[in-house]
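# Coordinates in review
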Amino acid sequence: MSVSIAETVVWRALQRHAVDIAASHLRDLLADSHRSLQMVAEHDGIVLDYSRQNANLSTVSLLLDLAHASDLKGKLRAMAAGEPINRSENRSVLHIALRANASDRYTIDGHNVVPDVLAARERIRKFAEEVRTGKWLGTTGKPLRNVIAVGIGGSYLGTSFVAEALRTEPKCAAAAEHRRLRFLANIDPIDLARATHDLNPEETLVVVISKTFTTTETMLNARSLRDWLTSALGSNAVRQHMVAVSTNLPAVAAFGIDTDHAFGFWDWVGGRYSVCSSVGLLPLALHFGCEPMQQFLDGARSIDQHLLSAPFDRNLPVLLGLFGVWNASFLHRPVRALLPYCQALKKFTPHIQQVDMESNGKRVDIEGRPLQFEAGEFDFGEPGTNSQHSFYQLIHQGRVIPADFIGFRRSQRPYKLADNELDNHDELMANFFAQPDALALGKTAEHLRAEGVNEDLIPHREFPGNRPSNVLLLDQLDAYSTGQLLALYEHRTAVQGFVWGINSFDQWGVELGKVLATELRGHFGKRRKGEAATAAVPASTQRLLQRYFGN
Ligand code: F6P
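The present account deals with the structure reproduced in this document. In this text the structure is predicted, and so the values were computed from the model without any measurement.

Quick look at the nonpolar core now. In a soluble, globular protein the nonpolar side chains are often hidden away together inside. If you look at the biggest cluster of nonpolar residues, it comprises 119 residues, and the most contacted ones within it are Leu66, Trp326, Leu345, Ile406, Leu485 and Tyr489. Among the elements that line this core, the one with the most residues is helix 21 (residues 479-500), at 11 residues. Here Trp326 is in contact with Leu14, His17, Ala18, Ile21, Asn54, Ala55, Thr59, Leu63 and Leu331, once residues within four sequence places are set aside. Counting residues in hydrophobic clusters, the runner-up holds 22 residues, among them Ala222, Ala237, Val238 and Ala244.

As structure tokens, then:
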């Protein structure tokens, strides 16, 4: 059995160091320009400035020692070597192979998976081209210009983030002109109504996306859409209007979708890490064409290569992950904010929520021992500047919440009013650069007094500051940088899990609720048939059920 990271000398050194750091203030730390100018790293157009962390150069060096003590390098190597590091499911974790190009080699048990990945990509390319050029038509001979992607969790969130990120990118927008991409995830019939609203079934292709092809929500939604299609177009509609993405081809066939119309992937791709597999590529290539998708993969690959080769002190995902561990486990900050100053990234946080919280929301280490420290964060966020008018009050004067600010040098959609000094993107970015400093520096009572603020208002108007953040600055949000951001945050999560010594690639915690829902579903069936039934649930749930059923 390996030694828990909490029992290492460096962990204890970091605990002691955290006490010293707690006595410092970012006002002083940032005044040390030598320190601050060192706390920056750059790769392929992305600048990460981490000088606003509650940290000095000793912190950085201790965190790098922690990476070493946790054998981060060995664990990354094992991941890239296709070893079954997801031990509770005995699976490899090789989503980086999904971004490979022909010169790369990733193996599992000696089998190079890269040719399989490239072949799957080629099938998607051909199919997407056929649909987009009208070679593949609907049953009534109309081109299929609408896609409804049905799937939930990892079979939805990443794809929805990328679709949203590229929706206003000029080249992608042009490629998707006259096409519509909708998502159907929730089992809530309202989502079904919204997904199908004003779509013509004759022009609609449904892509059913489920790794297992057993997920309750997805299967009910897929059956509902099959009903929607066949009611309008007859029973033959499934052949032309429904395709699947899954690793479970027998279940696809049992559903009634020809397996020739199924796009596979592999059990070494975790659901929340699957956006670069057919899960994301198929709907996105249907909508935007294949060229942007290749750029998206190239961007992710750039970060993969960087993760595996850059020294840790200049390695962006490693630095992000180490500071995640520092904030969560040593400074006891269980929440963090992801704040893109870019409206097109509005679905980024929901995706990262799943990537991170499903991965690192664990109570035991990989050996099954209860964790001796706080691990896993609650991730939340909204694009700036909307977030400023929503929850910034709390992050400036209430709780201390480490934040990542993500901004771009150029907008996807520049706009300037003739009578305004700045263009609208500059107006946005002035906020982007101001907020991290406002959080870090705060505003003192002395400062307020010097401004003549009334004494009884001073406590209300004082800003304590000393609130940490990272600043990530990129050139522009396009398909390539979307891939970079995806991989950066996927790897941040993996780095944290590796350092903590947990399994970031299973998700047993989602099972219990599913089992109870299935049991209750049986109870619902009896009640709806008018049969007397009492569910084996606590009295309070029983009372609520009586209310729901109206007796
Ligand atoms: O929420 C649990 C989960 O298993 C996720 O990990 C996964 O992304 C999602 O359900 C969907 O699973 P599937 O792709 O098998 O439908």
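There's more to say after this.
Across the sheet, which stays open at both edges, the five strands sit in the order 6-5-7-8-9 with parallel pairing between neighbours. Of all the strands in the sheet, just strand 6 (180-184) and strand 9 (262-264) have a single pairing partner and so form its edges. Within this sheet the neighbouring strands show an average axis-to-axis angle of 20 degrees, counted without direction. When strand 7 (residues 204-209) meets strand 8 (residues 242-246), the two strands line up parallel, connected through four bridges. Counterpart to Val208 in the pairing with strand 8 is Ala244. On top of the sheet, helix 9 (residues 189-196) reaches strand 5 (146-150) and strand 6; it is set at about 170 degrees to strand 6, its chief contact. Helix 10 (residues 216-233) rests against strand 5, strand 6, strand 7 and strand 8 of the sheet, and its axis sits at about 160 degrees to strand 7.

We now examine the pattern of salt bridges. In the structure shown here, the tally under the stated rule is 27 salt bridges. A salt bridge links Arg336 to Asp356, with the nearest nitrogen and oxygen atoms 2.9 Å apart. Of this pair, Arg336 sits in strand 10 (residues 335-340) while Asp356 sits in helix 16 (residues 348-360), placing them 20 residues apart in sequence. In this structure, a network of salt bridges that share partners links the residues Arg336, Asp356, Glu377, Asp379, Asp404 and Arg492.

So, on to the sheet that holds strand 1 (residues 40-43). Strand order in the open sheet formed by six strands is 1-2-13-12-10-11, with mixed pairing between adjacent strands. Looking at strand neighbours, the two that pair on one side only are strand 1 and strand 11 (378-380), the edges of this open sheet. For this sheet the average axis-to-axis angle between neighbouring strands, irrespective of direction, equals 15 degrees. In this structure, strand 10 lies alongside strand 12 (residues 403-408), joined through four bridges in parallel fashion. Counted as the bridge partner of Leu339 is Phe405 from strand 12. In the packing of helix 21 onto the sheet, contacts are made with strand 2 (46-49), strand 10, strand 11, strand 12 and strand 13 (469-474), and the angle to strand 12 comes to roughly 165 degrees.

There is a patch of nonpolar side chains on the surface, built from Leu512, Val515 and Leu516 and spanning about 280 Å² of accessible area. Residue position: Leu512 is located in helix 22 (residues 511-528).

For the rest of this paragraph, the subject is the site of the ligand. With respect to spatial proximity, 14 residues lie near the ligand, and among them Ser155, Ser210, Thr212, Thr215 and Glu358 are the closest. In the environment of the ligand, an oxygen atom lies 2.6 Å from a nitrogen or oxygen atom belonging to the side chain of Ser210. One of the side-chain nitrogen or oxygen atoms of Thr215 is found 2.5 Å away from an oxygen atom of the ligand.

Below, the discussion takes up helix 21. If you check helix 21, its first and last C-alpha atoms are 32 Å apart, about what 22 residues at 1.5 Å a residue would give, namely 32 Å. Most of helix 21 is tucked away, with 21 of its 22 residues classed as buried. For helix 21, the N-terminal capping position is held by Asp478, with its side-chain oxygen 3.2 Å away from the main-chain nitrogen of Tyr480.

Calculation rules
Here the residue index of a chain counts from 1 through its sequence in written order. It should be noted that, the model being predicted, local features are given only for residues of pLDDT at least 70 and side-chain atom pairs only at 80 or more, the latter also being counted only at that level, while totals for whole chains, interfaces and linings use all residues. Excluded from the side-chain calculations are hydrogens and water; all other atoms, namely the structure's heavy atoms, are used. For this analysis, a nonpolar core means a set of buried residues of the types Ala, Val, Leu, Ile, Met, Phe, Trp, Tyr and Cys, connected via side-chain atoms within 4.5 Å. Relative accessibility decides the category of a residue: with a 1.4 Å probe and only protein chains considered, values under 20% of the type maximum give buried, values over 50% give exposed, and everything between is partly exposed. The helix and strand labels rest on DSSP assignments: H or I over at least four residues marks a helix, E over at least two residues marks a strand, and numbering proceeds from the N terminus. Whether two residues are in contact is decided by their heavy atoms, any of which lying within 4.5 Å being enough. One requirement defines pairing of two strands: DSSP has to find at least two bridges between them. Convention adopted: a line fitted to C-alpha atoms gives each axis, helices being fitted over their contacting stretch, and angles between N-to-C directions are expressed from 0 to 180 degrees. For salt bridges, the criterion is a side-chain nitrogen of Lys or Arg within 4 Å of an Asp or Glu carboxyl oxygen. Like charges within 9 Å and nonpolar side chains (Val, Leu, Ile, Met, Phe, Trp, Tyr) within 5 Å are joined into patches, using only residues over 30% in relative accessible area that form no salt bridge. Computed with a 1.4 Å probe, the accessible areas rest on the Shrake-Rupley method; for each residue, only the protein chains presented here act as cover. Consider each residue's heavy atoms; a residue with any of them within 4 Å of a molecule or strand counts as near. Under this definition, polar contacts are N or O atom pairs within 3.5 Å; protein pairs additionally need one hydrogen-donor-capable and one acceptor-capable atom, and for neighbouring residues in sequence, both atoms have to be side-chain atoms. Expected span of a helix: the number of residues minus one, times 1.5 Å.

Spatial relationships are all this shows, so hold off on functional conclusions.
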